[in-house]
Amino acid sequence: MADLDQIREAKQYHADVPVQTRPFFLKGANALDWGMQNRFSRIFDPTTGRTVMLAIDHGYFMGPTTGLERIDLNIVPLLPYCDALMLTRGVLRSTIPSTFGRGVVLRASGGPSILKELSNEQIAVDIEDAIRLNVAALAVQIFIGGEYETQSVHNMTRLVDLGNRYGIPIFAVTAVGKQMTRDAQYFRLACRICAELGAQFIKTYYVADGFDTVAASCPVPLVMAGGKKLPELDALTMAYNAVDQGAAGVDMGRNIFQADAPAAMLQAVRAVVHQKMPPKQALELYETLKREQGR
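Keep in mind the model is a prediction, meaning the values are calculated, not measured. (Residues numbered from 1 in each chain as written. Predicted model: local features only at pLDDT ≥ 70, side-chain atom pairs only at ≥ 80, totals over all residues. Heavy atoms only, no water.)

Would you take a moment to explain the overall build of the chain for this structure?
What the chain contains, in helices and strands, is twelve helices and ten strands. For the C-alpha atoms alone, the extent of the chain along its principal axes is close to 75 × 50 × 40 Å. A total of 295 residues make up the chain; the buried ones form 49% of that total. Sequence-distant contacts, at least 24 apart, represent 66% of the contacts inside the chain between residues at least 6 apart. When the accessible surface of the chain is summed, it comes to about 14900 Å², and 49% of that surface belongs to carbon and sulfur atoms. (Helix = DSSP H or I, 4+ residues; strand = E, 2+ residues; numbered from the N terminus. Buried < 20%, exposed > 50% of the residue type's maximum accessible area, 1.4 Å probe, protein only. Contact = heavy atoms within 4.5 Å. Areas by Shrake-Rupley, 256 points an atom, 1.4 Å probe, with all protein chains shown as cover.)

As structure tokens, then:
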């Protein structure tokens with residue numbers, strides 16, 4: 001305990017200075033508990049309020065897809081360039097160094113493979129295991145309009161209750177089936193349902209017509225899904241437009257690890273998201289880094 005000798009009377013109360021209460025930097029997160037806000041600060045950069053997440057959880061239903069055959073060789077070298085990593089607990093425990101200090105967004109739903117009906121997912125992670133792994137958030141797939149829509153929504157709400165109990169944000173991932181229309185009306189519906197039922201942030205797809213209305217009508221942060229592999233300039237343009245129209249960042253997978261130079265592409269995406277670098281300038285950065293890293 002502190003030495004009791006020579007105790008000075010406290011004087012620096014600054015009674016004339018109002019106590020400062022700073023709002024949290026993320027939309028819709030100001031009333032969250034300290035622990036949940038702290039976890040958010042491991043996912044989103046507090047200086048920009050945005051994130052560049054690297055999604056590598058595809059194997060949970062697709063198996064070893066192109067670019068993810070060897071995560072130790074293809075993904076671990078990319079870790080210094082992402083703000084957060086979205087993955088399964090199997091890959092986290094087996095392959096990701098425990099020295100990785102940024103946000104871990106853990107895939108918490110699963111079940112069917114690409115050979116079956118994808119919307120038939122269940123919760124696939126126990127909350128105690130998520131706590132053991134010190135994750136920053138839990139991700140759950142939501143299939144609005146899908147065959148098992150209600151089941152997927154209940155998966156999310158059960159995780160929201162558990163996350164609120166232990167201070168772990170829930171990341172709702174809006175899934176789009178083959179028969180669903182990818183338009184702003186659908187994504188407004190899907191994102192708003194997820195937010196209304198308690199998800200603290202949401203992953204959704206970019207649409208050229210009306211994405212700003214999707215972001216504006218959702219009271220919690222939206223993170224843009226990267227989707228299928230695009231030419232580098234198209235991917236950078238999509239990321240730029242999404243952030244410009246209200247997204248709080250991107251969660252890209254195939255557009256990173258299937259690029260010719262994944263590390264260079266990830267750094268170019270970072271420049272777009274955090275610096276609002278124009279897409280053509282970001283492409284030049286990508287090409288420069290690609291040459292340098294190829295030496």
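Looking at this model, I keep getting lost on the packing of helix H11 (residues 262–275) against helix H12 (residues 279–293). Mind explaining?
The description of two helices packed together rests on the angle between their axes and the distance between the axes. Between H11 and H12, the shortest axis-to-axis distance is 8 Å and the interhelical angle comes to 150°. With respect to each other, H11 and H12 are oriented roughly antiparallel. As H11 runs across H12, the sense of the crossing is right-handed. Judged by residue contacts, Ala-263, Ala-264, Met-265, Gln-267, Ala-268, Ala-271 and Val-272 of H11 engage Ala-282, Leu-285, Tyr-286, Leu-289, Lys-290 and Gln-293 from H12. (Axes fitted to C-alpha atoms, helices over the stretch in contact; angles between N-to-C directions. Parallel < 35°, antiparallel > 145°, perpendicular 65-115°, else oblique. Left-handed = near helix turned anticlockwise from the far one by under 90°.)

I tried to follow the packing of aromatic side chains on my own but got confused; where do I start?
Two aromatic rings, taken as a pair, are described by how far apart their centres are and by the angle between their planes. Enumeration over the complete set of coordinates arrives at eight aromatic pairs. Note on Phe-40 and Phe-44: the rings are 5.7 Å apart at their centroids and 65° apart in plane angle, and the pair reads as edge-to-face. For Phe-40, a relative accessible area of 1% corresponds to the buried category. Residue class for Phe-44 comes out buried when judged on its relative accessible area of 1%. Geometrically, the ring pair formed by Phe-44 and Phe-201 is edge-to-face, given 5.8 Å between the ring centres and 65° between the ring planes. With Phe-44 in the loop between helix H1 (34–43) and strand E1 (51–55) and Phe-201 in strand E8 (residues 201–204), the pair connects residues that are 157 residues apart, well separated along the chain. There is no split in this pair, since Phe-44 and Phe-201 are both buried. Feature note: the residues Phe-40, Phe-44, Phe-171 and Phe-201 constitute an aromatic cluster, connected by ring pairs. One cation-aromatic arrangement involves Lys-276 over Tyr-240; the distance from NZ or CZ to the ring centre is 5.9 Å. (Phe/Tyr/Trp six-rings, centres within 6.5 Å; stacked < 30°, edge-to-face > 60°. Lys NZ or Arg CZ within 6 Å of the ring centre and 35° of its normal.)

So what exactly am I meant to see when it comes to the environment of Gln-258 here?
You can see Gln-258 is positioned in the loop between helix H10 (254–257) and H11. Sequence separation of Gln-258 and Gly-145 is 113 residues, and the distance between their C-alpha atoms is 30 Å. The contact partners of Gln-258, leaving out residues within four places of it in the chain, are Thr-65, Thr-66 and Lys-229. Within the structure, the side chain of Gln-258 is placed 3.0 Å from the backbone oxygen of Thr-66, a separation counted as a polar contact. (Polar contact = N/O pair within 3.5 Å; in protein donor to acceptor, adjacent residues only side chain to side chain.)

Explain the pattern of salt bridges to me, please; I cannot follow it from the model alone.
Counted by the stated rule, this structure contains eleven salt bridges. Here Arg-70 and Asp-72 are joined by a salt bridge, their closest N and O atoms 2.7 Å apart. We classify Asp-72 as partly exposed; its relative accessible area is 33%. The closest approach of N and O atoms between Arg-132 and Asp-129, which form a salt bridge, is 3.2 Å. A residue pair is termed a helical-turn pair when its members lie 3 or 4 positions apart in one helix, as Arg-132 and Asp-129 do in helix H5 (residues 127–132) at three residues. Overall, the relative accessible area of 6% leaves Asp-129 in the buried class. One network of salt bridges, in which partners are shared, links Arg-89, Arg-93, Asp-129 and Arg-132. (Salt bridge = Lys/Arg side-chain N within 4 Å of Asp/Glu carboxyl O.)

Explanation requested: the environment of Leu-92 in the structure shown.
Note on placement: Leu-92 falls in helix H4 (residues 89–95). Overall, the relative accessible area of 11% leaves Leu-92 in the buried class. Distance in space between the C-alpha atoms of Leu-92 and Leu-106 is 8.6 Å, their sequence separation being 14 residues. Non-local contacts of Leu-92, meaning those with residues more than four positions away in its chain, are made with Leu-87, Val-104, Leu-106 and Leu-133.

Explanation requested: helix H7 (residues 184–196) in the structure shown.
Compared with an ideal rise of 1.5 Å per residue, which puts 13 residues at 18 Å, H7 spans 18 Å between its outermost C-alpha atoms and is within 8% of the ideal. Buried within H7 we find Ala-184, Tyr-186, Phe-187, Ala-190, Cys-191, Cys-194 and Ala-195. Summarising the axial view, the buried residues of H7 lie within an arc of 155°, below the 170-degree limit, and thus occupy one face. The outward face of H7, more than 90 degrees from its buried face, is lined by the exposed residues Gln-185 and Glu-196. (Expected span 1.5 Å × (residues − 1). Arc of directions from axis to C-beta.)

In this structure, what is going on with the sheet that holds strand E10 (residues 249–252)? I would like to understand it.
By definition, the strands of a sheet pair up through backbone hydrogen bonds, in either a parallel or an antiparallel sense. Taken in spatial order, the eight strands of this closed barrel run E1-E2-E3-E6-E7-E8-E9-E10, and their pairing is parallel. Each neighbouring strand pair of the sheet contributes to a mean axis angle of 25°, computed without reference to strand direction. Examined bridge by bridge, strand E2 (residues 84–87) and strand E3 (residues 103–107) share four bridges and lie parallel to one another. Following the sheet pairing, Met-86 is matched in E3 by Val-105. Strands in contact with helix H6 (residues 149–166) are strand E6 (137–142) and strand E7 (170–174); relative to E6, the strand with the most contacts, it is inclined by about 165°. (Pairing = 2+ DSSP bridges.)

Honestly, that's just the spatial picture; any functional story needs more than this.
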